[in-house]
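Here is what each chain is made of, one letter per residue.
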Amino acid sequence: GIQVEQSPPDLILQEGANSTLRCNFSDSVNNLQWFHQNPWGQLINLFYIPSGTKQNGRLSATTVATERYSLLYISSSQTTDSGVYFCAVARYQGGKLIFGQGTELSVKP
Amino acid sequence: DTGVSQNPRHKITKRGQNVTFRCDPISEHNRLYWYRQTLGQGPEFLTYFQNEAQLEKSRLLSDRFSAERPKGSFSTLEIQRTEQGDSAMYLCASSHNLFGTTDTQYFGPGTRLTVL
């Protein structure tokens, strides 16, 4: 099956700093989503991005499907950005998502 | 659009008891997924439905687990004879898998199961 690797596993930032999270996957995919899991366990959708670039406020994401990786950029980080960020991919349209191990982000005031 | 809802949010049970969880997907979403997440790990796929048909089950889904989606709307996940290793967060997601849609999966808040 598809392997998904996220890096770094942990990241500590000062408020206002920028960061880049990486997701590598081992095979071609038709779905790639980025999530933020809040302290209560809720997975919040950030991006649906099987290819290309998208931006939403301070967050942006880029997926280079031919090279099998995706990047999530967080600019001007805030304490509310803390939590675990997951990348998840699916081999087929409508198929099951395979998650990475996540990146745990802690933003200090 | 009220989002995916799950009930109960928390369940504490004794080993050997049966438990049932419910998931209500986003209205008109034809696909419904169940995942399980243990501490420090990413969610792992259990099973999914398109309308009322169960299309795939993970090897993680032992004979003690059964899922249904009888009318293609809400779904239930039952665990029989619970074991301590079943303690986890059970997550439900739904998507609208039709031509022209983005196939984004939206997750509910989860049911946290603790088996004593």
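Residues numbered from 1 in each chain as written. Chains lettered and ligands numbered in written order. Predicted model: local features only at pLDDT ≥ 70, side-chain atom pairs only at ≥ 80, totals over all residues. Heavy atoms only, no water.

### Considering the sheet that holds strand β1 (residues 5–7) of chain B
Remark on secondary structure: sheet strands pair via backbone hydrogen bonds, oriented parallel or antiparallel. All names here are of chain B. Read across the open sheet, the 4 strands follow the order β1-β3-β8-β7; overall the sheet is antiparallel. At either margin of the open sheet sits one strand with a lone partner, and together these are β1 and β7 (65–68). The average undirected angle you get between the axes of adjacent strands in this sheet is 15 degrees. Pairing of strand β3 (residues 19–24) with strand β8 (residues 75–79), which is carried by 5 bridges, proceeds in the antiparallel orientation. What sits directly across from Phe-21, in β8, is Leu-77. (Pairing = 2+ DSSP bridges. Helix = DSSP H or I, 4+ residues; strand = E, 2+ residues; numbered from the N terminus. Axes fitted to C-alpha atoms, helices over the stretch in contact; angles between N-to-C directions.)

### Section: the nonpolar core
A general feature of soluble globular proteins is that nonpolar side chains tend to end up buried together. In terms of nonpolar packing, the biggest core is built from 22 residues, with Trp34(A), Leu72(A) and Val89(A) touching the most fellow members. If you list the elements that add at least two residues to this core, you get β2 (10–14), β3 (19–25), β4 (31–37), β5 (43–48), β7 (59–64), β8 (69–74), β9 (83–90) and β11 (103–108) of chain A. Counting residues in each nonpolar core, the second largest holds 19 residues, with Val4(B), Phe21(B), Leu32(B) and Cys92(B) among its members. (Core = buried A, V, L, I, M, F, W, Y, C linked by side-chain atoms within 4.5 Å. Buried < 20%, exposed > 50% of the residue type's maximum accessible area, 1.4 Å probe, protein only.)

### Quick notes on the environment of Ser27(B)
Residue and element names in this part refer to chain B. Within the fold, Ser-27 resides in the loop between β3 and β4 (31–37). Judged by relative accessible area, Ser-27 falls into the exposed class, the value being 61%. Remark: the alpha-carbon pair of Ser-27 and Ser-94, spanning 67 residues in sequence, is separated by 9.3 Å.

### With respect to the interface of chain B and chain A
The partner chain A presents 20 residues to the 21 residues of chain B that form the contact. Summing both sides of the interface, chain B and chain A together bury roughly 1600 Å²; the carbon and sulfur share of this comes to 46%. Taken together, chain B and chain A are joined by 1 salt bridge. Taking the shortest distance from any N to any O, the salt bridge between Lys96(A) and Glu56(B) comes out at 2.9 Å. Where chain B packs against chain A, one counts 13 residue pairs in polar contact (both at pLDDT 80 or more). At the level of elements, β4, β5 (44–50), β9 (88–95) and β10 (106–107) of chain B are the ones that each hand at least two residues to the side of chain B that touches chain A. Ranked by the residues each element gives to the side of chain B that touches chain A, the list is headed by β4(B), at 4 residues. (Contact = heavy atoms within 4.5 Å. Buried area = accessible area lost by both parts, 1.4 Å probe. Salt bridge = Lys/Arg side-chain N within 4 Å of Asp/Glu carboxyl O. Polar contact = N/O pair within 3.5 Å; in protein donor to acceptor, adjacent residues only side chain to side chain.)

### Here's the deal with the sheet that holds strand β1 (residues 4–7) of chain A
All names here are of chain A. As summarised here, the arrangement of the 5 strands in space is β1-β3-β8-β7-β6, forming an open sheet in which the pairing is antiparallel. A single partner strand is all that each edge strand has here, and the edge strands are β1 and β6 (52–56). Neighbouring strand axes in the sheet, compared pairwise and without regard to direction, differ in orientation by 15 degrees on average.

### Considering the pairing of β5(B)
Residue and element names in this part refer to chain B. When you tally the buried positions in β5, you get 5 out of 7 residues, the bulk of the element. As defined by bridge partners, β4 adjoins β5 across 6 bridges and the pair is classed as antiparallel. Residue pairing for β5: Arg-31 is matched across the bridge by Gln-50. A loop of 6 residues connects β4 with β5, the two strands running antiparallel in sequence, and Gly-40 in this loop sits at a positive phi of about 80 degrees. With 4 bridges joining them, β5 and strand β6 (residues 53–57) adopt antiparallel strand pairing. Bridging from a neighbouring strand, Thr-47 pairs with Lys-57 of β6. Counting the residues in the hairpin turn of β5 and β6 gives 2 residues, including Asn-51, whose phi is positive at 55 degrees.

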